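In case you want the letters, here they are:
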Amino acid sequence: MSSLCFWNWEMKMDLVGISVSKESQQNTVTQDSDKSNLLCVLLDLSPNLFDRLDKFVPSQSAKSVDLIEADALETFLLQLITFLHVFLLSNFANRLVIIVYNEYNIHVVYEDKGLNTLSDPSNSASFLLTEERQERLTRLDSEFLKNVASFIESYPYNSCEENGTLLSASLSFALCYLHRRILSERYEARILCLHASSDVPKQYIGVMNSIFCAQRWSILIDVCNLHEEESSLLQQAAHLTGGIYFKPKQSEAIPLSNYLCSLYFPSRDARKYLKIPVLNSVDCSALCFESGEKIHMGYICSVCLATFGRKRLSCNICGAEFAENDKS
Amino acid sequence: MDDDEKPESLTLYSWEQDIVRSWETLEEDETGKIKDLSSFERSRVKRKRKNTQQNVRRGLIRFLVLILDLSREAKETDVKPSRGEVCLSCAQKFLYSYFNENPISQLAVVVLRDGVAEKLSSMGSNPRQHSEVVKNANQKGFYGNCSLQNGLDVALSLLHSIPSYGSREVLILYNSISSCDPGDIRQTIEKLEKERIRCNVIGMAAELYILKYLAARTHGSYFVCMNESHLLELLEDFVVPSALIENNTKTALVRMGFPTLKAYKEPKVCLNDKVLRNQVFVCPRCECCYGEIPIECVLCGLILVSSSQLARSYHHLFPVANFHELEEDKYKQSHFQPNYCFACKGTFPFEGSEYFVCPNCQNIFCGICDIFIHDGLNNCPGCEIRPENRIASQTDFS
Ligand SMILES: [Zn+2]
Ligand SMILES: [Zn+2]
Ligand SMILES: [Zn+2]
Ligand SMILES: [Zn+2]
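Residues numbered from 1 in each chain as written. Chains lettered and ligands numbered in written order. Predicted model: local features only at pLDDT ≥ 70, side-chain atom pairs only at ≥ 80, totals over all residues. Heavy atoms only, no water.

The name given to chain B in an unreviewed UniProt entry is General transcription factor IIH subunit, with the source organism recorded as Galdieria sulphuraria. Here chain B is described in UniProt, under the heading Subcellular location (unreviewed entry), as follows: "Nucleus". Database annotation for chain B, UniProt heading Sequence similarities (unreviewed entry): "Belongs to the GTF2H2 family." (UniProt positions renumbered as here; feature names shortened; annotations may be inferred.)

By the naming in an unreviewed UniProt entry, chain A is Transcription initiation factor TFIIH subunit H3 isoform 1, taken from Galdieria sulphuraria. The UniProt entry for chain A carries this comment under Sequence similarities (unreviewed entry): "Belongs to the TFB4 family." UniProt, in its Subcellular location (unreviewed entry) section for chain A, records the words "Nucleus".

As structure tokens, then:
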């Protein structure tokens, strides 16, 4: 299971364009033991992902088309698991939940219950922890792979373009889940979104509402965009919540786990010391409520703030009528 | 709000209260961490109130003049440390929530002191700039008479030139029990009424007839606050855009630009505050650079906003439907229901759990998620998965 080397993410760091800056070399990043991380992984399991898997896993000797696909998916999931192992091992108190989604539904495939030994302070012996820790990782591997397989099986393979993958719904779920946990316990909550589909104009308001909510509760949204186009919605999600938006280059033969471990593993505090890739540009353009197209200049209805690409006589959202002579 | 739900601190005037021992309301949970239940309770009360006025047309582009009375009577110490200090600190909190909820709205600050009205900041939408002047407003001290008429006149001149689609409002925090005016204040009030400017007043001292009259004539509201937490609660109500009064504003299509945030190797000068920055917003029409938006482009006059700033107001237009509360017995009878909350996956019954059902997607939520969905998230997770696609696969996970 752990055939992928845990440590090579350290060595390959600068390959990904990250160099550890000077301060962090001098004073090693202090582990804030009080604040453990609660990570929610959102994984897009729509056909869009399967179509593009070969871009992110090293190519293997071709046997048959079916086999490659199954292998590619497994390799992809194993790379994700490598990252999750690193995350869980770095701090005993770290917690994890994995939510998968496609065009039809959302499912929690793995929910971490935390370590029992931690809640019992008398049990300080570390060897107990080691055993339980190992158990936890094995449980993660088996449960995750099993549930993902059954999730994929239960939905038709053909993609339904018009619906789009349920990004807004999965973000809403993740936020409800995290909110409930951070109310009672002190966690630094984050969302890591592995998204492989294009933006759906219909979901614009839902995603934006989720972003504002995450911002208010200071929940980071990290984005790893596996789609071939840039996603304006997810760029804004990362930009507004202080997370990282990154789109792995397909040409490089670097395994995904390297990206995941080096970019998304550091906590909010540790990121201050690292050179995290910044976006060259954040697309703040609006969507025309009528056509769903992107607009950089347009008109907004003064009553409901709906945006339109062209001048019009009435608003089709709120029904307000505009006088002919109104100028900008 | 039912009377029995009022926290005790709200029912008494601050001078009638016993000594407040806020630390005694703290509760520890079994691990010794402090539970903070007060904010949770408060948001519940607030939501109940908000729900009564869903689906109304609101003026989302607001222009507000905040008038603060810092005259002699702001030195009164019936609230601690003084009326003026409390009023300034609450105003600062109000500023932040105002711009958070209404990012493309504008605001100006006016103070009343020594018989005159002084404009501290002009119409703008930069919360930092306004809060800076409010923070420093006490440096000159609180002295002199208070003139309501002068304040209203300044507000009139500030609101006179704004576009007709904006909702024009005045919010007054009044500490005094008198007004020392140069002319007939009724004429000024008439002018405000004619200009369709809504005036809301919060009095820190006893109720005054002229303030009540002002609010009534201009379709505003007048409250007398009892203590600091009451003042904050009253101010909170003015953060949410109020319902439109018929004919108060015109509808219009407003031309706006949505600039792109670009990162440059060489820093660019922001045309507004003349600061060098590496990340700037670029005007889509004339390519001027700005460090912060919203702003009106200095060169081409285009109003630059980001689409996310507009999107902050959309939840007023598409609010989440109110959930119905389910009786516990009824819930238990219908055994086919899942035994955990649809959104947070917390198992029922946990402490203080109630059962709520969404009228559109029929999913069951816990009380915590009910508040969170309506107060913070503004999405129903169940409705986001469209019902026709919901295959009966809410299988439980282990
Ligand atoms: Zn409209
Ligand atoms: Zn311009
Ligand atoms: Zn819940
Ligand atoms: Zn619903």
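J.: What should I look at first to understand the confidence of the model for chain A in this one?
T.: Detailed reading of the predicted coordinates is not advisable wherever pLDDT is low. On average, chain A scores 77 in pLDDT, and the residues at 70 or more come to 75%. Long-range and interchain partners of residues 1-33 of chain A, a stretch whose pLDDT sits below 50, account for 37 contacts in this model, where long-range means more than four residues apart. (pLDDT = per-residue confidence, 0-100. Contact = heavy atoms within 4.5 Å.)

J.: How should the packing of helix 8 (residues 204-216) of chain A against helix 9 (residues 232-241) of chain A be read in this particular structure?
T.: How two helices sit against one another is set out by the angle between their axes and by the gap between those axes. All names here are of chain A. The geometry of helix 8 relative to helix 9 is characterised by a closest axis approach of 9 Å and an angle of 15° between their N-to-C directions. When the axes of helix 8 and helix 9 are compared, the pair comes out roughly parallel. Crossing handedness for the pair helix 8 and helix 9: right-handed. Of the residues in helix 9, those touching helix 8 at Tyr-204, Val-207, Met-208, Ile-211, Phe-212, Ala-214 and Gln-215 are Leu-233, Gln-236, Ala-237, Leu-240 and Thr-241. Classifying every residue of the contact of helix 8 with helix 9 by side-chain character gives nine nonpolar, three polar and no charged. (Axes fitted to C-alpha atoms, helices over the stretch in contact; angles between N-to-C directions. Helix = DSSP H or I, 4+ residues; strand = E, 2+ residues; numbered from the N terminus. Parallel < 35°, antiparallel > 145°, perpendicular 65-115°, else oblique. Left-handed = near helix turned anticlockwise from the far one by under 90°. Nonpolar A, V, L, I, M, F, W, Y, C, P; charged D, E, K, R; others polar.)

J.: What should I look at first to understand the environment of Leu-305 of chain A in this one?
T.: The residue Leu-305 of chain A is located in the loop between strand 10 (297-301) and strand 11 (307-308) in this model. Residue classification places Leu-305 of chain A among the buried positions, given a relative accessible area of 0%. When the C-alpha positions of Leu-305 of chain A and Cys-315 of chain A are compared, they lie 9.8 Å apart, and in sequence the two are 10 residues distant. If we skip the residues at most four places from it in the chain, Leu-305 of chain A touches Ile-300 of chain A together with Leu-60, Ile-61, Ile-104, Leu-310, Ser-313 and Tyr-314 of chain B. (Buried < 20%, exposed > 50% of the residue type's maximum accessible area, 1.4 Å probe, protein only.)

J.: I'm lost on the sheet that holds strand 6 (residues 167-174) of chain B in this one. Help?
T.: Working definition: the strands of a sheet are paired by backbone hydrogen bonds and lie parallel or antiparallel to each other. Residues and elements named next belong to chain B. If you walk across this open sheet you meet the six strands as 5-4-3-6-7-8, and the pairing is mixed. Across the chains shown, the open sheet's two edge strands, defined by having one partner strand only, are strand 5 (116-124) and strand 8 (222-224). Ignoring strand direction, the axes of neighbouring strands in this sheet form an average angle of 15°. Where strand 4 (residues 106-113) lies against strand 5, six bridges are found, and the strand directions are antiparallel. (Pairing = 2+ DSSP bridges.)

J.: So what exactly am I meant to see when it comes to the coordination of the zinc ion (ligand 2) here?
T.: Octahedral metal centres with six donors ideally show angles of 90 or 180 degrees, and tetrahedral centres with four donors ideally show 109.5 degrees. Residue and element names in this part refer to chain B. Protein coordination of the zinc ion (ligand 2) is provided by Cys-283 (SG), Cys-286 (SG), Cys-297 (SG) and Cys-300 (SG), with donor distances spanning 2.2 to 2.3 Å. Read in sequence order, the donor residues coordinating the zinc ion (ligand 2) give the pattern C-x2-C-x10-C-x2-C. Highlighted residues: Cys-283 in the loop between strand 11 (276-282) and strand 12 (289-290) and Cys-300 in the loop between strand 13 (295-296) and strand 14 (303-304), separated in sequence by 17 residues. (Donors = N, O, S within 2.8 Å, 3.2 Å for Na, K, Ca; no water.)

J.: How should the interface of chain A and chain B be read in this particular structure?
T.: Taken together, the contact between chain A and chain B spans 72 residues of the former and 62 residues of the latter. Roughly 6,000 Å² is buried in total at the junction of chain A and chain B, and carbon and sulfur atoms are behind 61% of that figure. The largest per-residue losses of area from chain A upon contact with chain B belong to Phe-173, Met-297 and Leu-305 of chain A, which jointly make up 11% of the total buried on that side. At the junction of chain A with chain B, the criterion picks out zero salt bridges. Here chain A is connected to chain B by 18 residue pairs in polar contact (both at pLDDT 80 or more). Of all the elements in the fold, those that place two or more residues in the side of chain A that touches chain B are strand 3 (106-111), helix 7 (167-184), helix 8, helix 9, strand 7 (281-282), strand 10 and strand 11 of chain A. Per element, the largest residue contribution to the side of chain A that touches chain B is 11 residues, and it comes from helix 7 of chain A. Broken down by class, the residue content of the side of chain A that touches chain B amounts to 37 nonpolar, 22 polar and 13 charged. Direction of pairing for strand 10 of chain A relative to strand 9 (residues 253-257) of chain B: antiparallel, over a ladder of five bridges. (Buried area = accessible area lost by both parts, 1.4 Å probe. Salt bridge = Lys/Arg side-chain N within 4 Å of Asp/Glu carboxyl O. Polar contact = N/O pair within 3.5 Å; in protein donor to acceptor, adjacent residues only side chain to side chain.)

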